[in-house]
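Spelled out, the chains give:
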Amino acid sequence: MPELTCTHCGASNALAEDQAASAARCIRCAHPLDAEAELRYYIAQGAHIQGPYLASRVRELIAEQQVRPDMQFSLEGGAWRPGPECPELFPAPAAEQDVPAPPPPLPPPLPPLGQVPGTPSEEPRSERHYSTDAPPPTPVAPSTQLRPHRGTLILVLGICSLFCFLPGIIAWVLANEDLEAMKSGAMDRSGEGNTSAGRILGIVGIGLWALVTVMELG
Amino acid sequence: MSESGHGFFGQRVRLERISRRRALHMGPLLAVFVWGTVVLYVLLFVPDREGLVLCSFKHLTGVACPTCGGLRQASQLMEGNVWGAFLTNPLLLVAGCAVLAVLVLRLGFGRTLHLELSDEARRQVWLWAGAVFLANWLYVITWVG
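With respect to the overall build of chain A
A count of helical and extended segments in chain A gives four helices and seven strands. Each helix (α) and strand (β) of chain A, taken in turn from the N terminus, gives the series β-β-β-β-α-β-β-β-α-α-α. Looking at chain A residue by residue over its 218 residues, the buried ones come to 35%. For chain A, the share of sequence-separated contacts (at least 6 apart) that also reach a separation of at least 24 residues comes to 52%. Of the accessible surface of chain A, which amounts to about 12,200 Å², a share of 60% is contributed by carbon and sulfur atoms.

Topic: the pattern of salt bridges
Residue and element names in this part refer to chain A. With the rule as written, the count across this model stands at four salt bridges over all chains. When the shortest N-O distance is used, the salt bridge between Arg-57 and Glu-60 registers 2.3 Å. One end of the pair is Arg-57 and the other is Glu-60, both in helix H1 (residues 55–63) and three residues apart, which spans about a single turn. Judged by relative accessible area, Arg-57 falls into the partly exposed class, the value being 21%. Among the residues examined, Glu-60 registers a relative accessible area of 23% and is labelled partly exposed. For Arg-150, the salt bridge identified is with Asp-178, shortest N-O distance 2.6 Å. Note that Arg-150 is positioned in the loop between strand E7 (128–129) and helix H2 (151–160) and Asp-178 in helix H3 (residues 166–183), a separation of 28 residues in sequence.

Structural notes on the packing of H3(A) against helix H4 (residues 192–217) of chain A
Two packed helices can be described by the angle between their axes and the distance between those axes. All names here are of chain A. Where H3 meets H4, the axes come as close as 8 Å, and the angle between the chain directions of the two elements is 150 degrees. Between H3 and H4 the crossing geometry is left-handed. When H3 is examined against H4, the residues Gly-168, Ile-169, Ala-171, Trp-172, Ala-175, Asn-176, Asp-178, Leu-179 and Met-182 are found in contact with a partner set consisting of Glu-192, Thr-195, Ser-196, Gly-198, Arg-199, Gly-202, Ile-203 and Ile-206.

What to know about the state of the cysteines
Residues and elements named next belong to chain B. A complete count under the given rule lists zero disulfides over all chains for this structure. Between Cys-55, a free cysteine, and Cys-65, which holds the nearest cysteine sulfur, the sulfur-to-sulfur gap is 3.6 Å. The class for Cys-55 is buried, based on a relative accessible area of 10%.

Considerations on H3(A)
If you check H3(A), its first and last C-alpha atoms are 26 Å apart, about what 18 residues at 1.5 Å a residue would give, namely 26 Å. At the C-terminal side of H3(A), A:Gly185 shows a positive phi close to 85 degrees.

What about the packing of aromatic side chains?
Residue and element names in this part refer to chain B. Evaluated as defined, the whole model comprises five aromatic pairs over all chains. Geometrically, the ring pair formed by Tyr-41 and Phe-45 is tilted, given 5.6 Å between the ring centres and 40 degrees between the ring planes. Separated by four residues within a single helix, Tyr-41 and Phe-45 lie in helix H2 (residues 26–45), roughly one turn from each other. For Tyr-41, a relative accessible area of 43% puts it in the partly exposed group. On the basis of relative accessibility, which here comes to 59%, the residue Phe-45 falls in the exposed class. Consider the rings of Trp-83 and Phe-86, whose centres lie 5.4 Å apart with planes at 20 degrees: the pair is stacked. Of this pair, Trp-83 and Phe-86 are both found in helix H5 (residues 82–88), three residues apart, which corresponds to roughly one turn of the helix.

Details of the environment of A:Arg40
Residues and elements named next belong to chain A. Along the chain, Arg-40 turns up in strand E3 (residues 40–45). Residue class for Arg-40 comes out partly exposed when judged on its relative accessible area of 25%. Taking the C-alpha atoms as reference points, Arg-40 and Ser-56, 16 residues apart in sequence, are found 9.0 Å from one another. Residues in contact with Arg-40, not counting those within four places in the same chain, are Pro-52, Tyr-53, Leu-54, Ser-74, Leu-75, Glu-76 and Gly-185.

A short note on the confidence of the model for chain B
Averaged over every residue, the pLDDT of chain B is 80; the share at 70 or more is 86%. The element-level mean pLDDT for chain B is lowest in helix H1 (residues 20–23) of chain B, coming to 64, with H5(B) highest at 92.

Things to note about the confidence of the model for chain A
Residues and elements named next belong to chain A. This prediction gives chain A a mean pLDDT of 71; 61% of its residues lie at or above 70. When the elements of chain A are averaged for pLDDT, E7 gives the smallest value, 45, and H2 the largest, 90. Segment residues 114–132: pLDDT under 50, and 34 contacts once partners within four positions in sequence are set aside and those in other chains are kept. Here residues 137–144 is modelled with pLDDT under 50, and outside its nearest four sequence neighbours on either side it reaches eight contacts, counting other chains as well.

Parameters and conventions
Residues numbered from 1 in each chain as written. Chains lettered and ligands numbered in written order. Predicted model: local features only at pLDDT ≥ 70, side-chain atom pairs only at ≥ 80, totals over all residues. Heavy atoms only, no water. Helix = DSSP H or I, 4+ residues; strand = E, 2+ residues; numbered from the N terminus. Buried < 20%, exposed > 50% of the residue type's maximum accessible area, 1.4 Å probe, protein only. Contact = heavy atoms within 4.5 Å. Areas by Shrake-Rupley, 256 points an atom, 1.4 Å probe, with all protein chains shown as cover. Salt bridge = Lys/Arg side-chain N within 4 Å of Asp/Glu carboxyl O. Axes fitted to C-alpha atoms, helices over the stretch in contact; angles between N-to-C directions. Left-handed = near helix turned anticlockwise from the far one by under 90°. Disulfide = S-S within 2.5 Å. Expected span 1.5 Å × (residues − 1). Phe/Tyr/Trp six-rings, centres within 6.5 Å; stacked < 30°, edge-to-face > 60°. pLDDT = per-residue confidence, 0-100.

And the structure:
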């Protein structure tokens with residue numbers, strides 16, 4: 001029976017023979033055992049819970065000061081932890097690790113997560129109301145934070161490229177970017193087929209243009 | 001990373017920083033380079049360009065495609081006749097300038113522009129874009145050929 005050590009909490013996980021490591025999660029902290037998989041976090045501020053967000057996105061929000069250490073964080077299916085207990089998100093500076101810092105003054109009440117201060121509240125995207133004492137929900141539906149795909153547009157451009165040069169270039173560039181975004185989990189993957197098909201058609205269209213040009217000039 | 005300083009949910013326009021690796025698309029860039037080289041070659045070394053058709057759509061159907069007139073447009077631009085180039089295929093010139101601006105933004109400044117539109121605004125944009133596209137195509141077929 002293969003054993004995998006969780007890179008997040010160090011727990012040893014026994015896997016069944018037919019269980020793929022890519023789909024398995026740690027029994028203690030629910031961290032994906034596949035090192036390639038990126039973590040997804042729920043973020044709670046009071047009773048407001050949003051997410052899941054990719055870890056890279058959370059770090060961006062921390063850098064933009066939209067997410068603070070006084071909020072609660074939970075990996076999918078894992079326990080809630082305050083920011084200081086998430087060193088993967090809030091790495092402590094080396095000089096401050098041994099000396100406990102005095103508690104900072106409480107910040108003023110924040111607007112709901114994601115709301116721009118001074119602007120009217122927008123329709124919440126994936127806001128849920130749960131108690132942070134309770135375990136977070138097990139998300140199964142795709143996150144509404146994912147960017148919508150442009151598969152249909154890219155497919156249409158790919159088809160047009162069979163007749164013109166320019167749409168092929170646009171289809172190729174857009175498809176490259178969208179396929180990368182889908183791979184990183186930032187875009188809805190349901191359009192992956194159309195995006196790939198549009199990309200291939202775009203390349204074929206450019207090839208056709210090259211053929212016509214060679215025949216015309218030759 | 002967002003550059004505009006507002007929250008990332010409610011923004012309509014975002015200027016996002018991208019890596020060099022993401023900004024460069026070697027395949028499409030190579031294709032554009034080859035296309036530019038061919039156009040330059042034709043403009044410089046092919047004196048009789050009247051019967052030259054580099055469009056597979058026109059070869060197949062006999063009708064100009066929405067991007068037809070590019071060669072004539074490039075020729076006009078080389079002669080410094082911007083208005084003449086615009087009249088050859090207006091949308092192609094505008095789109096070309098937009099693509100050039102995006103390229104400069106991406107490759108020169110490492111930024112990319114994201115437009116976040118509501119469903120209604122997106123529908124309106126598509127309707128107008130489609131109407132302009134068809135009007136331009138009709139103009140190209142009728143007046144440019």
